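# Observations on the three-dimensional arrangement
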Amino acid sequence: MPTDQLNTDVVLGVAIPSRNARGRIARLGPVIDAILASHDYPPVIEKLLAEAVTMTALLGALLKEPQGQLTVQAQTEGGAVDLLVCDYLGGELRGYVRHDLERVAAVSEKPTLQELFGSGYLAITFDQPLANERYQGIVPLEGRSLGEAAQSYFGQSEQIPSLVRLAAEQRDGRWWAGGLLLQHLPEGEEGRERLHTRLDHPDWPHVAILGGSVKPEELTDPTLPLDDLIWRLFHEEEELRTLGSRELVKGCRCDPEYVRSVIARFPAEERRAMVGEDGVIRVDCAFCSSSFPIAPDEVA
Ligand SMILES: [Zn+2]
């Protein structure tokens, strides 16, 4: 849904036509709290997921199809986190982080990507069903932050000069997160359509310096509307446009019928082994922690 308020749970498109730059800016508040409320994560993991969900909102908002899906997945080895998954579909966001509690307790207060993930990679998948288009890019999880890893995704995987800034912080017990994505897309390019690859275009360093000057506390400040923040960064440009906005919500697509059909496909013997002490098979959704109890004879 488009929305008029540009303070929270919203993503806004921006363009600086004279510099051939465009992008998205997002801020999340109650949506992050709602996603985190399904889990019981330590603060370091909550911050990681808040930033990852914000990145997912920025990338998801690049999809041209309203029902396109964007999935971000970090799969890793040797770190405190071994799996992070977030996705976006039509403005709906969800995500979870599989991690080792003991190892998370041992990481520093502001952990590096290396501490959190060990070695691993970031996979980003754009799915546009109407155009029958599916594209996945994979980059190593390197750099100082998730934003830097996303930036190298665009640079390496798509050859688009890009800037990604992410921030998340807790204020009075509530989470606020924000992010900025800017891309250099010369001569009317959009999304992943590459007409020219010019990593050395003089317009880009200028935009990257101005965009890169955004402070984490500006990205997360719920009293600062996103259009005001963009204006603060780029008001000296010849032309600055805000494009459409979109409301962001928490959403999960887990489906009891689907879960039942998956369980029904297991051999009877394996299904018997899944039955818990309370006499039912319990399947939990990793994203929203919903629990689906299934009576064994229901699927026999
Ligand atoms: Zn769910």
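Look a little higher up for the structure.
Remember, it's a predicted structure, so these values are computed and weren't measured experimentally. (Residues numbered from 1 in each chain as written. Predicted model: local features only at pLDDT ≥ 70, side-chain atom pairs only at ≥ 80, totals over all residues. Heavy atoms only, no water.)

### Things to note about the state of the cysteines
Enumeration according to the criterion identifies zero disulfides in this entry. Between C86, a cysteine without a disulfide, and C252, which holds the nearest cysteine sulfur, the sulfur-to-sulfur distance is 12 Å. (Disulfide = S-S within 2.5 Å.)

### Quick notes on the packing of aromatic side chains
Within the structure shown, the criterion is met by two aromatic pairs. A centroid spacing of 5.0 Å and a plane angle of 85 degrees characterise the contact between Y96 and F287, whose relative ring orientation is edge-to-face. Remark: F287 occurs in the loop between β12 (281-284) and β13 (291-294) and Y96 occurs in strand β5 (residues 92-99); sequence separation between them is 191 residues. Since its relative accessible area comes to 15%, Y96 is described here as buried. Judged by its relative accessible area of 15%, F287 is buried. Where Y153 meets F154, the ring centres are 5.0 Å apart and the plane angle is 75 degrees; that geometry is what we call edge-to-face. (Phe/Tyr/Trp six-rings, centres within 6.5 Å; stacked < 30°, edge-to-face > 60°. Helix = DSSP H or I, 4+ residues; strand = E, 2+ residues; numbered from the N terminus. Buried < 20%, exposed > 50% of the residue type's maximum accessible area, 1.4 Å probe, protein only.)

### Section: the sheet that holds strand β8 (residues 162-171)
Think of a sheet as strands paired side by side through backbone hydrogen bonds, with each pair either parallel or antiparallel. Strand order in the open sheet formed by five strands is β8-β9-β2-β1-β10, and the pairing between neighbours is antiparallel. The strands lining the two open edges of the sheet, one partner per strand, are β8 and β10 (241-247). Shown here is a sheet whose adjacent strand axes are inclined to one another by a mean of 10 degrees, direction ignored. Sheet strands in contact with helix α1 (residues 30-37) are β2 (21-28) and β9 (174-184), and its direction is about 115 degrees off that of β9. (Pairing = 2+ DSSP bridges. Axes fitted to C-alpha atoms, helices over the stretch in contact; angles between N-to-C directions. Contact = heavy atoms within 4.5 Å.)

### A closer look at the coordination of the zinc ion
Coordination angles at a metal have ideal targets, namely 109.5 degrees for four tetrahedral donors and 90 or 180 degrees for six octahedral donors. Donor atoms from the polypeptide that coordinate the zinc ion comprise C252 (SG), C254 (SG), C285 (SG) and C288 (SG), at 2.2 to 2.3 Å from the metal. The site at the zinc ion holds four donor atoms, and with the angles between them running 102 to 114 degrees, its shape is tetrahedral. Taken in sequence order, the residues that donate to the zinc ion follow the motif C-x1-C-x30-C-x2-C. Both residues of the pair, C285 and C288, count as buried. (Donors = N, O, S within 2.8 Å, 3.2 Å for Na, K, Ca; no water. Tetrahedral: all angles 85-135°; square planar, octahedral: opposite > 155°, others 65-115°.)

### Here we look at the packing of α1 against helix α2 (residues 43-60)
Packing of α1 against α2 brings their axes to within 10 Å, and their N-to-C directions diverge by 125 degrees. In terms of their interaxial angle, α1 and α2 are classed as oblique. The two elements α1 and α2 meet at a crossing, and its hand is right-handed. Residue-level contacts link I32, I35 and L36 of α1 to E46, L49, A50 and V53 of α2. (Parallel < 35°, antiparallel > 145°, perpendicular 65-115°, else oblique. Left-handed = near helix turned anticlockwise from the far one by under 90°.)

### Looking at the nonpolar core
Core analysis: the biggest nonpolar cluster contains 65 residues, and L59, L93, F117, L122 and L146 have the highest contact counts within it. Ignoring anything within four residues of it in the chain, the contact list for L122 reads M55, V72, Q73, A74, G137, I138, V139, L141, A149 and A150. Of all hydrophobic cores here, the second largest spans 22 residues; its members include I25, L163, A208 and L226. (Core = buried A, V, L, I, M, F, W, Y, C linked by side-chain atoms within 4.5 Å.)

Structural measurements only, silent on function.
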